[in-house]
Amino acid sequence: MKPFSVKDISIFSKALLFLGLLIVQSMPLYMNISFPMEFWIKQIFMYVLWISVFYLTYKIIIPTLLFQGKNGFFFIAICILIVSVFYISVTFNLLINLDAILNQHFKISKKDNLQGALISNLSEIIITLLIVGASTVISVAKKLQVETQVRQNLEKEKVTSELSFLKSQINPHFFFNILNSIYALAGTENQPAREAIYTLSHMMRYVLYDTKNNLTTLSKEIGFVEDYLKLMELRITDKVQVIFEKPTSIKDVEVAPMLFLPFIENAYKHGISGIYPSYIYIGIEQSEKFLQIEVRNSIFENQTLSKEESNGIGLINTRRRLDLIYPDKYELSTNEDTLQMEYTVILKLQIS
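The shown structure was predicted, so the numbers you read here are calculated from the model rather than taken from an experiment. (Residues numbered from 1 in each chain as written. Predicted model: local features only at pLDDT ≥ 70, side-chain atom pairs only at ≥ 80, totals over all residues. Heavy atoms only, no water.)

Comments concerning the overall build of the protein chain
Scanning the protein chain from terminus to terminus reveals 10 helices and seven strands. Within the span of the protein chain, comprising 352 residues, buried residues form 38% of the whole. Look at the contacts in the protein chain between residues 6 or more apart in sequence, and 75% of them connect residues 24 or more apart. In the form shown here, the protein chain has an accessible surface area of approximately 21,300 Å², with 61% of it arising from carbon and sulfur atoms. (Helix = DSSP H or I, 4+ residues; strand = E, 2+ residues; numbered from the N terminus. Buried < 20%, exposed > 50% of the residue type's maximum accessible area, 1.4 Å probe, protein only. Contact = heavy atoms within 4.5 Å. Areas by Shrake-Rupley, 256 points an atom, 1.4 Å probe, with all protein chains shown as cover.)

Structure follows, in structure tokens:
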């Protein structure tokens, strides 16, 4: 069911107010008492006058005074409005000679007439106050709803633009490295180069089409990782051992696209050597409520920079994306073990 818009709520509130006011003005019909025509003319007149008071407050007084911070002038304007309604009501009574007609119709004494006039005037002032109050409440509520909607739209646009910017930072860097590897290979063995180009095109299709939204499926993300690992085989030697473990049975939950890539890319960037034996371990685990990826890679004595600092924009952008997409629903830890000569990144996501 489509939720009520700000406009729908405003119209519904006004309709309820005007209906309630109409019922109040029509209540004498249920008293089994005959009233003169002038009385009903006054009732209709006051109904129209109160609706005018509502819109005068709603459209002019509140926007130009209350919403502009002129609270003192707003209070003075409301007082003048109430006094004006009282004056107009009394003037209209004199114009149609309502008091005399009612006295004659109901044979009311002068004392009872004064008491009835006082009650009538007091009730009109109270209704006027209620109309002004209702107009203020509806107007303020509408303003707050509009501001909330605008703020939510701005936040959504901000998140979308930030995500697009962050992904645009990662993707060109990734493709630049891969295309360099394919370029170096193309001049020696055509068949491996063709397979690499095919794999890359498959990955580009995923990046360009399957990541248009901020979420993709876990199976597609794992497939993207496998394509990446296949391409990386072109640039590593036999001294590098790569282990990739994934769930045997994947429950296709939604995840942020290319979320695992910075960790894996960082492992290839800093965890392999052309001289020393090295390794990269990538493990993805899935449970009912959590999804975890663990990436471990070897480090070397001549590496002095911290992995957190040396991987460029990768982990920084990934943390930012996690804050935007999974606020308070993720744990990201890194550890550099100089004794075991191993660097570890673990990301744990809450997926339910």
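Considerations on the packing of aromatic side chains
One pass over the structure, following the stated rule, counts 11 aromatic pairs. Ring plane angle 85 degrees and centroid distance 5.3 Å describe the contact between Phe18 and Phe54, whose orientation is recorded as edge-to-face. Of this pair, Phe18 sits in helix α1 (residues 6–26) while Phe54 sits in helix α2 (residues 37–66); the two residues are 36 residues apart in sequence, bridging distant segments of the chain. Taken individually, Phe18 and Phe54 each receive the classification buried, so the pair is uniform in this respect. Judged by centre distance (5.9 Å) and plane angle (75 degrees), the rings of Tyr228 and Tyr268 are edge-to-face. Of the two residues, Tyr228 is situated in helix α7 (residues 218–232) and Tyr268 in helix α8 (residues 261–270); the sequence distance between them amounts to 40 residues. (Phe/Tyr/Trp six-rings, centres within 6.5 Å; stacked < 30°, edge-to-face > 60°.)

Thoughts on the sheet that holds strand β7 (residues 342–350)
Read from one edge to the other, the open sheet built from five strands follows the order β2-β4-β5-β7-β6, with strand pairing classed as mixed. Across the chains shown, the open sheet's two edge strands, defined by having one partner strand only, are β2 (240–245) and β6 (330–337). The mean inter-strand angle of the sheet, taken between neighbouring strand axes irrespective of direction, is 5 degrees. Summarising the sheet, β2 and strand β4 (residues 278–286) pair through six bridges and their orientation is parallel. Within β4, the residue paired with Val242 across the bridge is Ile280. Contacting β2, β4 and β5 (290–298), α7 runs over the sheet at an angle of about 170 degrees to β2. Relative to the sheet, α8 contacts β2, β4, β5, β6 and β7, its axis offset from that of β5 by approximately 5 degrees. (Pairing = 2+ DSSP bridges. Axes fitted to C-alpha atoms, helices over the stretch in contact; angles between N-to-C directions.)

What to know about the nonpolar core
The biggest cluster of nonpolar side chains holds 43 residues, and the ones touching the most others in it are Phe260, Ile264, Tyr268 and Leu347. Of all the secondary-structure elements, those providing two or more residues to this core are α6 (190–210), α7, α8, β4, β5, α10 (313–325), β6 and β7. Ranked by residues supplied to this core, first place goes to α7 with eight residues. Excluding residues within four positions of it along the chain, Ile264 makes contact with Val225, Tyr228, Leu229, Ile282 and Val295. Among the nonpolar cores identified, the runner-up in size contains 24 residues, and Leu49, Phe74, Val85 and Ile138 belong to it. (Core = buried A, V, L, I, M, F, W, Y, C linked by side-chain atoms within 4.5 Å.)

Examining unusual backbone geometry
In this structure, Asn97 takes a positive phi of about 55 degrees despite not being glycine. Along the chain, Asn97 turns up in the loop between α3 (71–96) and α4 (98–106). The exposure class assigned to Asn97 is partly exposed, which follows from its relative accessible area of 42%. Of note, Met258 is a non-glycine position whose phi angle comes to about 55 degrees, a positive value. Counting through the fold element by element, Met258 comes out in the loop between β3 (254–255) and α8. Of the residues examined, Met258 reaches a relative accessible area of 2% and is grouped as buried.

These figures come from the coordinates and say nothing about function on their own.
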